[in-house]
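Working through the structure, step by step
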Amino acid sequence: MTPILEVAGVRKTFGGVVANNDISIQVPPGKIVGLIGPNGSGKTTLFNSIVGYHPVDAGSIRFDGNEITQLRVPEIARLGMLRTFQQTRIYGLMTCVQNMQISARTTQGAPWQVMFNRIPPEDTERAEALLEFVGLYAKRHLRAGDLSFGQQKLLEFAMALMSEPKMLLLDEPTAGINPTLINGLMDRLQRVNADLGVTLLVIEHNMRVIMNLAEYIYCLAHGELLAFGKPDEIRNDQRVIDAYLGAH
Ligand SMILES: Nc1ncnc2c1ncn2[C@@H]1O[C@H](COP(=O)(O)OP(=O)(O)O)[C@@H](O)[C@H]1O
Ligand SMILES: [Mg+2]
């Protein structure tokens, strides 16, 4: 099957630091793929390169039949690929529903349209349905800044779904989430994938989560691709154990 995302030979340096060296990954459409590796191994940099946050030094990136190597974040978002952040990006003074509304395709992220109430009713319906989906319906009129960190991450996840993406890149979705909520979040990620057909590429340090969620896993170390395989293969790969799992 043609991959929905194909990263080929990507290199990214910051001054003298080689954050990604000759990285190639392929994500088949409709799958959940994991990305693991020690801190500083280049995972977030790779996400930033894929979604057009910064230009790459070498290599090419294709998404859903498009050459996107030279495109920037808004153009890639319009093609249907978004990322979430290790730290959340929400407007703390706006309510949950308002944060959702500015994430809709119709507003293209322009907060003034929300402030002046130029919101199509279907956006509000979708916002409320997705807040229900992530378990935040009861808090929909609270200021987002008053939510707990874990709830803010759920809100950010729901915001990403607001624009009906084909693919989401999730940077450590369970980090900072109360352990009792992690199973519920995993279940939602699986439903977004299975029911809504959204392809997921997930950076995750929680090994139980990623081993259960992902069909394939890539492991980075020191900016290089160290290993690729099914969860069982990765779990038993001596290079991965030495570089990463041994420390967990
Ligand atoms: N904007 C930046 N400027 C300079 N160095 C950076 C920048 N972003 C990342 N790096 C460096 O690139 C390397 C990989 O970082 P990162 O991609 O954040 O790793 P990970 O997400 O796997 O923890 C690290 O050495 C980090 O210090
Ligand atoms: Mg990171």
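Because the structure is a prediction, the values reported are computed rather than measured.

Each value, and the rule that gives it
- As a convention, each chain's residues are numbered from 1 in the sequence order in which they are written.
- Here every chain gets a letter starting at A, and every ligand a number starting at 1, in the order they are written.
- Local features are withheld for residues below a pLDDT of 70 in this predicted model, meaning they are given only at 70 or higher, and side-chain atom pairs are given and counted only at 80 or more; totals for whole chains, interfaces and linings count all residues.
- For side-chain calculations, the full set of non-hydrogen atoms in the structure is used, while hydrogens and water are omitted.
- Helix axes use the C-alpha atoms of the stretch in contact, all axes being lines fitted to C-alpha atoms, and the angles between their N-to-C directions lie in the range 0 to 180 degrees.
- Only DSSP runs of H or I reaching four residues or more are called helices, and only runs of E reaching two or more are called strands; each is numbered from the N terminus.
- To sort the angles, those under 35 degrees are grouped as roughly parallel, those over 145 as roughly antiparallel, those from 65 to 115 as roughly perpendicular, and the leftovers as oblique.
- When checking whether two residues touch, look at their non-hydrogen atoms; a contact exists if any pair is within 4.5 Å.
- Classification convention: Asp, Glu, Lys, Arg as charged; Ala, Val, Leu, Ile, Met, Phe, Trp, Tyr, Cys, Pro as nonpolar; all other residues, Gly among them, as polar.
- When DSSP finds two or more bridges between a pair of strands, those strands are recorded as paired.
- One less than the residue count of a helix, multiplied by 1.5 Å, gives the span that helix is expected to have.
- Every case where a carboxyl oxygen of Asp or Glu lies within 4 Å of a side-chain nitrogen of Lys or Arg is listed as a salt bridge.
- Remark: exposure states derive from per-residue accessible area (1.4 Å probe, protein chains only) relative to the maximum for the residue type, with buried under 20%, exposed over 50%, and partly exposed in between.
- For the domains described, the bounds stem from an automatic or database domain assignment.
- Accessible area that two parts lose when put together, with a 1.4 Å probe and added across both, is what the buried area reports.
- Under this definition, polar contacts are N or O atom pairs within 3.5 Å; protein pairs additionally need one hydrogen-donor-capable and one acceptor-capable atom, and for neighbouring residues in sequence, both atoms have to be side-chain atoms.
- Here a residue is near a molecule or strand as soon as one of its heavy atoms is found within 4 Å of it.
- Computed by Shrake-Rupley with a 1.4 Å probe, the accessible areas treat only the displayed protein chains as cover when residues are assessed.

Moving on, we come to the packing of helix α6 (residues 149–162) against helix α7 (residues 179–194). The contact between α6 and α7 brings their axes to 12 Å, and the two run at 5 degrees. With respect to their mutual orientation, α6 and α7 come out roughly parallel. Only Leu185, Arg188, Leu189 and Val192 of α7 make contact with α6, whose side of the interface consists of Leu154, Phe157 and Leu161. Tallied by class, residues from the contact of α6 with α7 come to six nonpolar, no polar and one charged.

What follows covers the sheet that holds strand β5 (residues 66–67). Paired through backbone hydrogen bonds, the strands of a sheet run either parallel or antiparallel to each other. What the four strands build is an open sheet, ordered β2-β1-β4-β5; its pairing is antiparallel. If you trace the sheet from one side to the other, it starts and ends with β2 (17–27) and β5, each paired once. Where strand β1 (residues 5–14) lies against β2, seven bridges are found, and the strand directions are antiparallel. Counted as the bridge partner of Thr13 is Val18 from β2.

Glancing now at helix α5 (residues 121–133). Helix length check: α5 (13 residues) gives 18 Å between terminal C-alpha atoms against 18 Å at 1.5 Å per residue, within 8%. Taken together, the buried residues of α5 touch α3 (96–102), α6 and α7. Directly after α5, the chain includes Gly135, whose backbone phi takes a positive value near 85 degrees.

On to the pattern of salt bridges, then. Counted under the stated rule, the structure contains eight salt bridges. Where Lys31 meets Glu215, a salt bridge forms, and the shortest distance between an N and an O atom there is 3.5 Å. Within this pair, whereas Lys31 is found in the loop between β2 and β3 (32–36), its partner Glu215 is found in the loop between α8 (207–213) and β9 (216–221), the two being separated by 184 residues in sequence. Given the relative accessible area of 31%, Glu215 is considered partly exposed. Across the pair Asp187 and Arg191 runs a salt bridge whose closest N-O atoms are separated by 3.6 Å. Taken together, the residues span about one helical turn, with Asp187 and Arg191 both in helix α7 at a distance of four residues.

Moving on, we get to unusual backbone geometry. What you tend to see is this: most non-glycine residues have negative phi, and most peptide bonds are trans. Unlike most non-glycine residues, Asp64 shows phi in positive territory, near 50 degrees. Positionally, Asp64 belongs in the loop between β4 (58–63) and β5. Even without glycine at this site, His222 takes up a positive phi of about 50 degrees.

As a further point, take the domain arrangement of the protein. What the domain assignment lists for the protein is domain 1 (1–80 + 166–248) and domain 2 (87–164). The distance between the C-alpha centroids of domain 1 and domain 2 comes to 25 Å. On the side of domain 2, 13 residues touch domain 1, which itself brings 17 residues to the contact. Summing the contributions of domain 1 and of domain 2, the shared interface buries around 1,200 Å²; its carbon and sulfur component is 68%. When the area that domain 1 buries against domain 2 is broken down by residue, the three leading residues are Arg78, Leu168 and Arg188, summing to 35%. Counting across the interface, domain 1 meets domain 2 through zero salt bridges. One can count three residue pairs in polar contact (both at pLDDT 80 or more) joining domain 1 with domain 2. Mapped by element, the contributors of at least two residues to the side of domain 1 that touches domain 2 are α2 (73–79), β7 (167–171) and α7. Examining the composition of the side of domain 1 that touches domain 2, we find that five residues originate from one element, α7, more than from any other. Its residues assigned to classes, the side of domain 1 that touches domain 2 comprises nine nonpolar, two polar and six charged.

Now for the site of ligand 1. Neighbouring ligand 1 are the residues Phe14, Val17, Ala19, Pro38, Asn39, Gly40, Ser41, Gly42, Lys43, Thr44 and Thr45. In this structure, an oxygen atom belonging to ligand 1 sits 3.2 Å away from a main-chain N or O atom of Ser41. In this structure, Thr44 approaches ligand 1 through a side-chain N or O atom, which is 2.9 Å from an oxygen atom. Compared with its free state, where it exposes 570 Å², ligand 1 has 58% of that area covered by protein. At the level of secondary structure, the elements contributing two or more residues to the shell around ligand 1 comprise β2 and α1 (43–50).

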